[in-house]
Structures are given as structure tokens and as C-alpha cells.
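Below are the chains, spelled out letter by letter.
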Amino acid sequence: MSNTIIRVEGLGKKYSICHEKRERYVALRDVVANTANRLKQRLTSPSQFGSQSQEDFWALQDVSFEVKQGDRIGIIGRNGAGKSTLLKILSRVTGPTEGEISIKGRVASLLEVGTGFHPELTGRENIFLNGAILGMCRKEIQKKFDGIVAFSEVENFLDTPVKRYSSGMYVRLAFAVAAHLEPEILIVDEVLAVGDAQFQKKCLGKMEDTGREGGTVLLVSHSMASIQKLCSKGIYLKTGQIAKSGEVNQVVKAYLDEGFSSGASSLRDRKDRQGSGRVRIIDFYVTDIQGNKQGFLSSGEDYVFTMEYENLGNKRSFKDVVGSIGITDERDEIILLVRSSFSDQNFDIHHNSGVIRCLIKDFNLASGRYNTILFLSYRETEILDCISSAAKIDVEGGDFFRTGSTGLPSHCKVLTRSSWEISE
């Protein structure tokens with residue numbers, strides 16, 4: 001008898017995106033007048049309502065794979081690759097446009113904060129509600145109840161409506177419920193990033209236990225370390241299609257290798273970006289103090305990290321803009337992060353284009369190959385642009401310690417000076 005519990009064949013998901021023409025400036029009287037005109041158009045000619053154009057977007061296309069009982073599968077890919085869409089279809093949150101899915105077994109999913117709980121019900125009531133949705137009787141849920149509460153660490157708020165929970169409390173309880181009610185298949189999205197480091201570690205341990213006990217785990221994460229630690233197999237999604245699947249370390253390597261090579265492409269043309277796009281990063285490079293572009297960096301030197309931008313906000317000025325540059329290692333983990341708000345140096349953007357420079361003194365990364373994440377936001381409320389795997393950075397040698405030692409790059413990527421003494 002086959003032990004395949006998930007079979008996906010030719011899966012596709014299409015969304016229709018509407019584009020509406022916008023005026024450069026809209027006053028209150030225009031809103032009132034336009035609303036009346038649109039209502040009149042809708043009543044007299046519904047098919048021509050508004051000035052919208054429609055575009056089809058395939059989030060997933062021709063995706064096929066099988067999952068065996070007990071598999072622990074990590075699903076990776078850039079933002080917009082279709083990872084979350086795939087999990088939503090497998091969790092029956094949304095349906096596919098084409099293709100077939102066969103699932104055997106009880107599925108528990110944790111996709112995003114706000115999914116699965118009724119906000120008006122208390123934590124206690126939601127535990128029993130979720131158990132009932134999974135097909136468990138009240139006695140079974142009561143048997144698991146104490147373990148769920150202990151794991152979630154929200155016992156003091158158990159009789160409080162979950163709409164008053166913080167995002168961290170919400171995720172702790174949601175994961176505890178999903179993991180403890182004995183699902184055959186546990187599906188978890190990047191939502192665990194909301195929790196603190198200690199809770200994330202506890203969640204990974206619980207998912208490991210689920211796999212060891214014969215359960216099946218599907219995990220989406222941008223943490224390659226978590227994927228490699230927890231999963232035995234991997235699926236790499238790229239623009240809605242499977243680029244590679246198989247043994248997890250090989251899949252992660254394919255993803256990371258492509259991430260580094262993608263830095264050679266023009267940032268202006270990159271489609272896999274997040275944000276409103278009202279300000280866009282169009283180029284990135286590193287120079288020395290004299291302004292000379294650098295192909296390789298050396299530990300212990302001073303460098304200027306430079307982002308060129310274009311302002312597409314209809315000549316609008318943006319005040320209190322936050323700039324951020326993250327440097328990631330071979331596992332896609334951020335190991336160095338500089339951010340204008342950390343040093344109270346946010347800036348204003350007034351012109352159609354310009355250059356943002358960040359001086360990093362005494363560069364403290366060991367020899368190796370790294371990648372970058374570039375980020376701009378309007379205050380702390382609107383992401384203007386965010387590009388992952390924007391450009392590769394190669395660090396070769398250097399004399400950070402001023403002793404000729406390069407540290408131990410294979411063991412530690414971040415260099416720090418220290419003083420030693422002994423007393424007897």
C-alpha cells in the first residue's frame with residue numbers, strides 16, 4: 001500500500017489584478033463627484049464600470065510533487081515565488097485554478113497571524129473550537145489541553161478574547177494548538193518569525209518531534225539554517241514553478257547559488273521586490289573612502305555602501321525615510337544589519353533621483369561570500385522598496401585584528417576584538 005499522503009499534479013493558481021487609472025491630485029469635491037459618476041455608470045452600463053484594466057497573474061503554474069508519510073519538507077524561494085499560495089491551497093484556504101490535489105490525513109496549518117482563531121472567543125474557547133474543526137471530540141481535546149497551555153505560555157490570558165492578544169501571544173497559542181492536536185500533516189508558514197528566539201527554538205523542537213513520531217511537516221521559511229536542521233527534503237519555488245526538488249542540502253545550495261549570481265542583474269529591472277514602489281532602488285555598489293568602486297572587500301577597512309534611487313511619487317517629498325542594508329551568509333541568515341534609524345539618521349527624499357550612502361567603518365566580516373538585502377521605508381509605516389539577494393559581496397583577507405590573523409572564517413563570520421589577561 002502506498003504511503004503517499006499528498007499528491008499534487010499540474011497545480012496552477014491564477015489571480016486577476018485590476019489596474020485603475022489615478023489622477024495626479026484628488027480633492028474632496030472630486031471624490032464626491034467621481035463616486036456619483038461611477039454609481040451612474042454602474043447602473044447604466046455595468047460592464048464598463050470604472051476605468052480599469054485587468055491582468056492575469058499566475059502565482060503557481062504546473063507544480064507537481066508527492067509527499068510521503070513522515071517526510072519533513074522545506075519550501076524555499078524568494079518573495080513572490082508562490083510559497084504561501086501553495087500552502088494555502090494545501091490547507092484548503094483557497095482553491096486551485098487548475099490541477100489536482102490528493103491529501104490523506106488530518107491537516108493542521110499555521111499560515112499567518114489571524115488565521116484559524118475567532119477573535120471574539122477566548123483562548124480557551126478557541127482551543128476547543130480548533131480541536132473540533134480537526135475532528136477531535138471534547139475528551140480528546142481535554143487530554144491535550146494542559147500541554148497546549150504550558151507550551152503556549154499564555155495561561156494568565158486563557159480567558160481573555162484573543163483579539164486582545166499581542167501578535168507574539170497569538171502565534172504561541174496558535175502553534176501550540178496546531179502542533180498538539182495530533183495532525184497527520186502539519187503545515188507552517190513563516191509566521192514563526194513573529195515569535196522570540198526562544199519560542200522559535202521550542203517550535204522547531206516540536207516539529208522535529210512530529211517528524212520522528214511519523215507525522216508529516218511542510219515548512220516555509222527564509223531561514224536556511226532552520227530548513228536544513230528540520231527538513232530532509234526541499235522544494236525550491238521560482239516564479240511559481242519548481243526550480244529544484246530533492247535532498248534538502250542540494251536544494252538549499254541551488255537556491256543560494258542562484259541568489260548570489262542574481263546580483264549581477266540590474267536592480268532597476270528586478271521584479272521580485274516588495275513595497276509600494278513609490279521610491280525604487282536602481283543600483284547598489286560599495287566604494288572605498290575615496291569613492292573607488294570595490295570588487296572585493298577586506299576586513300578592517302572603511303567602506304561606503306551606496307544605493308541609487310529614483311522617486312516615482314509624482315514629485316512628492318518623503319520625510320523621515322529609513323534606509324537599511326542587511327548582509328546575509330551562505331545560509332541566507334542576516335549576520336550584519338545597518339539601519340539609519342539605529343543611529344537616528346533617517347533622511348528626506350526631495351528629488352526625482354539621488355544617492356544614499358552608508359559609511360561602515362572597520363568592516364568586521366571574515367573572508368567569504370555574502371549577499372545583501374536592500375530596504376527603504378517611509379517612516380516606519382510604508383515599505384517603499386525591498387530587494388533580497390540584491391548583490392553579492394566577496395570579502396578576501398584583510399587585517400582586522402592588526403596582527404595578520406584572519407580569524408577562523410569557517411567557524412565564525414563576524415570579527416570582534418578582545419583583550420585577554422591572566423592573574424595568579
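Residues numbered from 1 in each chain as written. Predicted model: local features only at pLDDT ≥ 70, side-chain atom pairs only at ≥ 80, totals over all residues. Heavy atoms only, no water.

> Explain the overall build of the protein chain residue by residue, including any values.
Check the secondary structure of the protein chain and you find 8 helices and 20 strands. For the protein chain, buried positions account for 42% of its 424 residues. Considering only intrachain contacts with a sequence separation of at least 6, the fraction spanning at least 24 residues in the protein chain is 72%. A total of about 23000 Å² of accessible surface is found on the protein chain, and carbon and sulfur atoms cover 48% of it. (Helix = DSSP H or I, 4+ residues; strand = E, 2+ residues; numbered from the N terminus. Buried < 20%, exposed > 50% of the residue type's maximum accessible area, 1.4 Å probe, protein only. Contact = heavy atoms within 4.5 Å. Areas by Shrake-Rupley, 256 points an atom, 1.4 Å probe, with all protein chains shown as cover.)

> Let's hear about the sheet that holds strand β11 (residues 279-287): which residues, and what values?
Sheets are built from strands paired through backbone hydrogen bonds, the pairs being either parallel or antiparallel. In space, the 3 strands of this open sheet follow the order β11-β13-β17, with antiparallel pairing throughout. Edge strands, defined here as strands with exactly one partner in the open sheet, are β11 and β17 (353-360). Between one strand axis and the next, the sheet turns through 20° on average, direction left out of account. (Pairing = 2+ DSSP bridges. Axes fitted to C-alpha atoms, helices over the stretch in contact; angles between N-to-C directions.)

> Can you lay out the sheet that holds strand β7 (residues 216-220) for me, pointing to particular residues and giving the numbers?
Spatially, the 6 strands line up as an open sheet ordered β5-β6-β7-β3-β8-β9, and their pairing is mixed. Of all strands in the sheet, those bounded by a partner on one side alone are β5 (107-110) and β9 (241-247). In this sheet, adjacent strand axes meet at a mean angle of 15° when their direction is disregarded. Two elements, β5 and strand β6 (residues 185-188), share 4 bridges in a ladder whose sense is parallel. From the neighbouring strand, L110 faces β6, where its bridge partner is V188.

> Tell me about the packing of aromatic side chains, and name the residues and values.
The final tally for this structure, using the stated rule, is 9 aromatic pairs. Taken together, a centroid distance of 6.3 Å and an interplanar angle of 45° make the contact between F284 and F305 tilted. Of the two residues, F284 is situated in strand β11 and F305 in strand β13 (residues 303-311); the sequence distance between them amounts to 21 residues. Take F284: its relative accessible area is 9%, and that puts it in the buried class. The buried category is assigned to F305, whose relative accessible area is 1%. One aromatic cluster in this structure is built from F284, Y303, F305 and F363. Taking the ring centre of Y15 as reference, the NZ or CZ of K13 above it sits at 5.3 Å. (Phe/Tyr/Trp six-rings, centres within 6.5 Å; stacked < 30°, edge-to-face > 60°. Lys NZ or Arg CZ within 6 Å of the ring centre and 35° of its normal.)

> Describe helix α4 (residues 138-152), naming the residues involved and giving the relevant values.
For α4, which comprises 15 residues, the first-to-last C-alpha distance of 20 Å matches the rise-based estimate of 21 Å (1.5 Å per residue) to within 8%. The sharpest bend along α4 reaches about 40° and sits at K144. Note on α4: the residue one or two positions beyond its end, E153, has a positive phi of about 60°. (Expected span 1.5 Å × (residues − 1). Bend = angle between axes of the 7 residues up to and from the residue.)

> Describe in detail helix α2 (residues 83-90), supporting the description with residues and values.
With respect to burial, α2 is a largely interior element, 6 of its 8 residues being buried. Burial in α2 covers these residues: K83, T85, L86, L87, I89 and L90. Once α2 ends, the next one or two residues include R92, with phi positive near 65°.

> Requested: an account of the nonpolar core, with residues and values cited.
Ranked by size, the top nonpolar core spans 45 residues in total, and within it I76, I127, L173, F175 and M207 carry the most contacts. With 10 residues, the top contributor of residues to this core is helix α5 (residues 167-180). Residues in contact with L173, not counting those within four places in the same chain, are F117, G123, I127, I148, S152, V154 and Y165. If you look at the next biggest cluster of nonpolar residues, it comprises 34 residues, including I281, Y303, M307 and I327. (Core = buried A, V, L, I, M, F, W, Y, C linked by side-chain atoms within 4.5 Å.)

> Outline a nonpolar patch on the surface, supporting the account with residue identities and numerical values.
A cluster of nonpolar side chains, contributed by Y15, I17 and F57, occupies part of the molecular surface with about 240 Å² of accessible area. Residue placement: Y15 occurs in strand β1 (residues 4-20). Judged by its relative accessible area of 32%, Y15 falls in the partly exposed class. (Patch = residues over 30% accessible without salt bridge, like charges linked within 9 Å, V, L, I, M, F, W, Y side chains within 5 Å. Salt bridge = Lys/Arg side-chain N within 4 Å of Asp/Glu carboxyl O.)

> Lay out the environment of S341 in plain terms, naming residues and giving numbers.
Mapped onto the elements, S341 comes out in the loop between β15 (334-339) and β16 (347-349). Sequence-wise, S341 and G323 are 18 residues apart; in three dimensions their C-alpha atoms are separated by 7.7 Å.

> Explain the pattern of salt bridges residue by residue, including any values.
Summed over the entire model, instances satisfying the criterion amount to 16 salt bridges. Close ionic contact of R268 with E310 constitutes a salt bridge, the shortest N to O distance being 3.3 Å. With a gap of 42 residues between them, R268 in the loop between α8 (248-261) and β10 (273-274) and E310 in strand β13 connect regions that are remote in the sequence. Taking relative accessible area as the criterion, E310 reaches 16% and is therefore assigned buried. Among the salt bridges present, the one from R280 reaches E310, with a minimum N-O distance of 2.7 Å. Here R280 is found in strand β11, whereas its partner E310 is found in strand β13, with 30 residues between them in sequence. Each member of the salt-bridge network shares a partner with another, and the members are R7, E9, E66 and K68.

> Quick one: what's the story with the side chain of R280, residue by residue and with numbers?
Here R280 falls in the buried class, since its relative accessible area comes to 17%. Engagement of the side chain of R280 in a polar contact is seen with the backbone oxygen of R268, the distance being 2.8 Å. Separated by 2.7 Å, the side chains of R280 and E310 make a polar contact. The contacts of R280, once residues within four sequence positions are left out, are R268, R270, R273, E308, Y309, E310, L312 and D385. (Polar contact = N/O pair within 3.5 Å; in protein donor to acceptor, adjacent residues only side chain to side chain.)

> Kindly report on the packing of α4 against α5, identifying the contributing residues and their values.
Where α4 contacts α5, the axes come no closer than 8 Å and their chain directions differ by 145°. The way α4 lies across α5 gives a crossing that is right-handed. Contacts from K144, G147, I148, F151 and S152 in α4 reach R172, L173, F175, A176, V177 and H180 in α5. Residues of the contact of α4 with α5, tallied by class, amount to 6 nonpolar, 3 polar and 2 charged. (Left-handed = near helix turned anticlockwise from the far one by under 90°. Nonpolar A, V, L, I, M, F, W, Y, C, P; charged D, E, K, R; others polar.)

Purely geometric stuff here, so don't read any function into it on its own.
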